[in-house]
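Observations on chain architecture
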Amino acid sequence: MSKTTFFNFNLFDGKTNETKKNAWFVVNDDSGRIEKVGNGGKRNSANNVDLHGKYVMPGLINAHTHITMDPNTGDGGTGSDVIETTVRAVSNLHDLLKSGVTYIRECGSSFDIDITLNNLHKQGKLENVPDILPSGRPYTMTGGHGDFPNFGHLVDSPDEMRKAVRTGLKKGTMAVKMMATGGVMTPGDFMDDPQLSVEEMKVAVEETHHKGKIIAAHAEGNPGILNAISAGVDSIEHGFYVNDEETELMLKQGTYLTPTFVADWAIPEYAVGKLPDWEIKKAADALDDLYANIMKAWKKGVKITLGTDAGTPFNDFTMTAVEFQLMVEQGATNFDALTTSLTSAKLMRIDSDYGTLDNDKFADFLVLDADPLVDVKAVQQIDKVVYKSGVKVEL
C-alpha cells in the first residue's frame, strides 16, 4: 500500500483559527485519504513531497454554481444547444478546480447536464473537475425566475411540482433547487415578487426529504423568503432582504443561508454599458441592503455557506475566493469567512469526508504563497497549486 508524506508547510486545517508551523500529513495513495496529520519532526513514506514552507488549506466547497451558464451574457446563454452547453460546462468545471474549488453543489443546469457529468466523473471518464452534487434543472413557475429555454422545469400546481421533483430525483438530482422569488436576470420580475406557493414548495420539500436529499430555494425578497423557510427548505439562496422574523425562524429550523455576495457585486462592478440598464439597476439597488441584511443574520447565528452563483453575469468560475474578501470587508474576520466553506460541506452532508484536513478525510487541498488567516486575498492567488485526493491537478 503506497503512501505519500507531504511535509514542510504551514497548515490551516479549515476548522482552527491558527496556522500550524512545520506541518505534515500522510496520504494513502490508494484511497486519497489522509491517514495522519501532525506538526514538528518529519514522517517518511515511499514518496515524500516537500512543500517548501508554503501555506496549505482545504479545497474550497462552493455550494452555489451554474456550470452550464455563460457569465459573458445577460441570460446565462441558456438558449444554447446541448452540445455547446456541455462543452462550456466542462470548461467551467476546469476553471473551478484550477481556482481552488474541489467540490460544488450545482444549483440549476440546462438539460440536466450536471447529472450526466457527475455520472461520467464517478465512472472515471471525466477528469480534472471538482466533485459535483448535481441539481438538474431548477423548478419555477411559468413566467417565473429561470423560465429560460432548456433551463427551468415549469410547474404551476402542487401536483405538477410533485411529479416534476420525483422525475428529477429519478434522473439523479441530489440537491433540488426551486425559485421562490423573482431575481436579477429575468426581465419582468423583481426580487420581491413571490413565485411558487408555499403549498407547491412544501410538496417539493416533502418529496426531496423522502429521498434523503437536500433542497434549496432561490429567495431574494419578501414574502418569498418567508414562504420558502415556512415550506421547510434546507437553504435560502441569496436572501437579500432577509429580516428579523425570518432569521429567528431560520435559527429555529437550522436553515442555511448562501449569500452569493460576489454575484450581485459583479454586475455594477463590471457590467455597466454591457448589460441592459434594468438588470444593472436591480443589482446595484440591492447591494447595500444585501450586505447589511446578511451580516445581521450572520451575527445572530444563521449558518452562512460559501456560494457564488458562478455563471451569472460577469461572475465567472475563477472568483470563488472573492466571496471571502467581500465578507471580510463587511466585518467578518478572515477565519469567519474561510469557514463558510466548511459550512457548505455541512449543508451538503459531505463534512465527514471534506471541508477540513483531518485524519480519514480526502486530501483535497490548496498550496498558497501567503497565509489566508493573515490576508484572506491569499486564496485568490492565480497560480495556486491544487491537490485532489492527494494528486496534484494538472490543467
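Residues numbered from 1 in each chain as written. Predicted model: local features only at pLDDT ≥ 70, side-chain atom pairs only at ≥ 80, totals over all residues. Heavy atoms only, no water.

The name an unreviewed UniProt entry gives the protein chain is Aryldialkylphosphatase related protein, with Pediococcus damnosus as the organism.

**As for the pattern of salt bridges**
Opposite charge on two side chains lets them pair, provided their charged atoms get close. Selection criterion: By salt bridge we mean one thing: a side-chain nitrogen of Lys or Arg within 4 Å of a carboxyl oxygen of Asp or Glu. By definition, any uninterrupted DSSP run of H or I lasting at least four residues is a helix, any uninterrupted run of E lasting at least two residues is a strand, and each is numbered from the N terminus. Throughout this description, buried means an accessible area under 20% of the type-specific maximum (1.4 Å probe, protein chains only), exposed means over 50%, and partly exposed covers the range between.
A full pass over the atoms with the stated rule returns 15 salt bridges. We note a salt bridge from arginine 105 to glutamate 237, for which the minimum N-O separation is 2.9 Å. Residue arginine 105 is located in strand E6 (residues 101-106), and its partner glutamate 237 is located in strand E12 (residues 235-238); the two are separated by 132 residues in the primary sequence. For the pair shown, arginine 105 and glutamate 237 are each scored as buried. Notably, a salt bridge pairs aspartate 364 with lysine 388, separated by 2.7 Å at the nearest N-O pair. Of this pair, aspartate 364 sits in the loop between helix H11 (340-348) and strand E15 (365-368) while lysine 388 sits in strand E16 (residues 385-388), and the two are 24 residues apart along the sequence.

**What to know about the packing of helix H4 (residues 198-210) against helix H5 (residues 224-231)**
Note the threshold: Interaxial angles span 0 to 180 degrees and are taken between N-to-C directions of axes, which are lines fitted to C-alpha atoms, for helices over the stretch in contact. For this classification, under 35 degrees means roughly parallel, over 145 means roughly antiparallel, 65 to 115 means roughly perpendicular, and everything else is oblique. What makes a crossing left-handed is the near helix being turned counterclockwise from the far one by less than a right angle; a clockwise turn instead makes it right-handed. Any pair of residues with heavy atoms lying within 4.5 Å of one another is described as a contacting pair. Classification used: nonpolar for Ala, Val, Leu, Ile, Met, Phe, Trp, Tyr, Cys and Pro, charged for Asp, Glu, Lys and Arg, polar for all others including Gly.
Running from N to C, H4 and H5 cross one another at 40°; their axes reach a closest spacing of 8 Å. Taken together, the axes of H4 and H5 lie oblique to each other. The hand of the H4/H5 crossing is right-handed. Contacts between H4 and H5 involve Val198, Met201, Lys202 and Val205 from the former and Asn227, Ala228, Ser230 and Ala231 from the latter. Split by residue class, the contact of H4 with H5 holds five nonpolar, two polar and one charged.

**Points about the pairing of strand E3 (residues 33-39)**
Which entries qualify depends on this criterion: For two strands to be treated as a pair, DSSP must find no fewer than two bridges joining them.
Sheet analysis places strand E2 (residues 20-28) next to E3, joined by six bridges and oriented antiparallel. Among the inter-strand pairings, valine 26 is bridged to a residue of E3, identified as lysine 36.

**Section: the packing of aromatic side chains**
We count it as follows: Between 30 and 60 degrees the pair is tilted, below 30 it is stacked and above 60 it is edge-to-face, where a pair is any two Phe, Tyr or Trp rings, Trp via its six-membered ring, whose centres lie within 6.5 Å.
Throughout the structure, instances matching the rule amount to twelve aromatic pairs. An angle of 75° between the planes, with centres 5.1 Å apart, marks the rings of phenylalanine 25 and phenylalanine 365 as edge-to-face. Taken together, the residues span a long stretch of sequence, with phenylalanine 25 in strand E2 and phenylalanine 365 in strand E15 at a distance of 340 residues. Accessibility assignment for this pair places phenylalanine 25 and phenylalanine 365 in one class, buried. Consider the rings of tyrosine 103 and tyrosine 354, whose centres lie 4.9 Å apart with planes at 75°: the pair is edge-to-face. With tyrosine 103 in strand E6 and tyrosine 354 in the loop between H11 and E15, this pair connects stretches of sequence that are 251 residues apart. Chaining the aromatic ring pairs together yields one cluster made of Phe6, Phe9, Phe25, Phe365 and Tyr387.

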